[in-house]
Amino acid sequence: MRYGRMNEEESKIYMGFPGDEPPFYAYEAVQIFGDCGAFPEFVPHSRDGIWLSKNGKRICVPDFTENDPGVRQKLIKREIYVIMSSLTGYVSPWGCMTGVRPAKIVNGLIKSGMSGREAVRELETFYLVSHDKACLALETAQNQERFLNEQHMCPENTAIYIDIPFCPTRCLYCSFTSHPIEKYKKRVGEYLTLLENEMRRVIPLAVSKGYRPESLYIGGGTPTSLSEDDFAHFMDFVTDIIDVPSLKEFSLEAGRPDSITDRKLKRALDAGVTRISINPQTMNDRTLEMIGRKHTAADTERAFYAARSAGFTNINTDIIAGLPGEDTPDFERTLSLIRDMRPDSMTVHTLSVKRAADLRRDPRASSLRHDITGKMLSLAYDAAKEMDMRPFYMYRQKNMLGNLENVSYCRAGCESPYNIHIMEEDQTVLAFGAGGVSKFCSFAEGDGGIGRTIKRSFNVKGVEDYMARSEEMAERKIAMLG
Ligand code: SF4
């Protein structure tokens, strides 16, 4: 495996392709190499098909005489990955696999008749995934499948997502719709009123048409950054409009420990919240300050134990591997302190530097450790095992350090149906508030089993835009409810 980023001279690679733009599968294959700084320069209108060159030496990608266009594209993508790997010396732990949901690919292979071992072999030989990652994908897929088999699945089951896009401050790496609440103090009330109107117009109508809310997730942002009165008022509204006792899960993001108070915890419990996320991200105060989170590790511990004493029995903690300035011992320290708290689930993210993040434009982005993040994830896997947790969902994103993954681990019985169904995309999601993405799933029996189609409805992202157009966001969903 090649670590370290390539210098400009050695990374000069060119990719030729017919037409104005590279085919998306070719683009996806070369994007993997952004992690080692070797993204090729594009040469459009090639008469020789797709090729790659370095130091004047051109390697043509075979066109593959394969009838199935999907298979042909996969073969070309794999070949581009192999050539790029030979030109750069870089090997991705996930090989040429670029999708968001590796466990879903494993489940697809198993449903096509493969055993678990055969699915791992397929990941290793076709997608060139490392053995460890192939086994992790299989373990996650099996845990997910076991959980889903125990569930009573109905096509009308629906998830509800509510976005409160405010936080105490904005984290350096944040790419979500999130605004410092202090700045929006005067407009939070207006946002909540419009959000409630959107929900009031859509949820009762959806229920009357047969949609059955199964899980509720209040995220953002940090919903607990609302004032105690606003939070209590909003919880009252939620319990009025949604039949909370009938839900399998009611999850609340309380990500920033400095936004949690005893009164909010009590109000959340009274409203029926079953799962709460208190997210340290790191237990190192120096890093917390650097990434713009105005709280300490001690604040996280205080909030965590307050939630335990209040009666929460399913507490998740999010951490991030690869934060600026952190080395493996820093990450080990975070894991050790989390182990002491004994959460019920732990979600381990790999730092991903997205376009919307301030970190993208920050000089610290150039010194991020692409080389040690994989080791951090292995340590997290071991720590999760020690806490009796198993992986229950995973996903990958663009621009993740080391081309790695995000994995959520939990103790048996603490799985989050909301997160699993979001990963599987097998359930309708009604999303409210700025940036919410609703998905309408419909199912039909066909020759190859049950087929699924998904239609999406996007809410505008910015708070100002949302406040100007919240009626239209409701109308969009109403039109899709039919
Ligand atoms: S707590 Fe989460 S949503 Fe809020 S600023 Fe940080 S990363 Fe963004």
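Note that the structure is a prediction, hence the values are computed from the model and not measured.

Conventions adopted
Residues numbered from 1 in each chain as written. Predicted model: local features only at pLDDT ≥ 70, side-chain atom pairs only at ≥ 80, totals over all residues. Heavy atoms only, no water. Buried < 20%, exposed > 50% of the residue type's maximum accessible area, 1.4 Å probe, protein only. Helix = DSSP H or I, 4+ residues; strand = E, 2+ residues; numbered from the N terminus. Pairing = 2+ DSSP bridges. Axes fitted to C-alpha atoms, helices over the stretch in contact; angles between N-to-C directions. Parallel < 35°, antiparallel > 145°, perpendicular 65-115°, else oblique. Left-handed = near helix turned anticlockwise from the far one by under 90°. Contact = heavy atoms within 4.5 Å. Nonpolar A, V, L, I, M, F, W, Y, C, P; charged D, E, K, R; others polar. Domains from an automatic or database assignment. Buried area = accessible area lost by both parts, 1.4 Å probe. Salt bridge = Lys/Arg side-chain N within 4 Å of Asp/Glu carboxyl O.

Visitor: Sorry, what's going on with the pairing of strand E14 (residues 406-411) here?
Guide: It is a general feature of regular strands that their side chains alternate between the two faces of the sheet. The buried fraction of E14 amounts to five of the six residues, a majority that puts the element mostly inside the structure. As defined by bridge partners, strand E12 (residues 345-350) adjoins E14 across four bridges and the pair is classed as antiparallel. Directly across from Ser345, in E14, lies its bridge partner Cys410. Where strand E13 (residues 389-395) meets E14, six bridges bridge the pair, whose relative direction is antiparallel. Each residue of the ladder has a partner; that of Pro391, found in E14, is Tyr409.

Visitor: Even after reading the chapter, I still don't get the pairing of strand E11 (residues 315-321), so can you show me in this structure?
Guide: A large share of E11 lies buried, amounting to seven of its seven residues. The two faces of E11 match: Ile315, Thr317, Ile319 and Ala321 on one face and Asn316, Asp318 and Ile320 on the other face are all buried. Pairing geometry for strand E10 (residues 275-277) and E11, over two bridges, is parallel. In the sheet register, Ile276 faces E11, and the bridge partner there is Ile315.

Visitor: Could you clarify how one ought to interpret the packing of helix H10 (residues 297-310) against helix H11 (residues 328-341) in this entry?
Guide: Geometry of a packed helix pair, given as the angle between the helix axes and the separation of the axes. The N-to-C vectors of H10 and H11 enclose an angle of 20°; their axes lie 11 Å apart at closest approach. Classified by the angle between their axes, H10 and H11 sit roughly parallel to one another. Judged by the sense of rotation from one axis to the other, the crossing of H10 with H11 is right-handed. In this structure, H10 contributes Thr300, Glu301, Phe304 and Tyr305 to the contact, and H11 contributes Leu337, Asp340 and Met341. Class assignment of the residues belonging to the contact of H10 with H11 gives a composition of four nonpolar, one polar and two charged.

Visitor: Honestly, the domain arrangement of the protein in this entry has me stumped. Any pointers?
Guide: Accessible area lost upon the coming together of the parts serves often as the stated size of an interface. Partitioning the protein into structural domains gives domain 1 (1-91) and domain 2 (151-472). Summarising the inter-unit geometry, the C-alpha centres of domain 1 and domain 2 are found 36 Å apart. The interface of domain 1 with domain 2 comprises six residues on the first partner and seven residues on the second. Together, the buried faces of domain 1 and domain 2 total about 520 Å²; carbon and sulfur atoms form 45% of this surface. Our count for the domain 1 to domain 2 interface comes out at zero salt bridges. By residue class, the composition of the side of domain 1 that touches domain 2 is three nonpolar, one polar and two charged.

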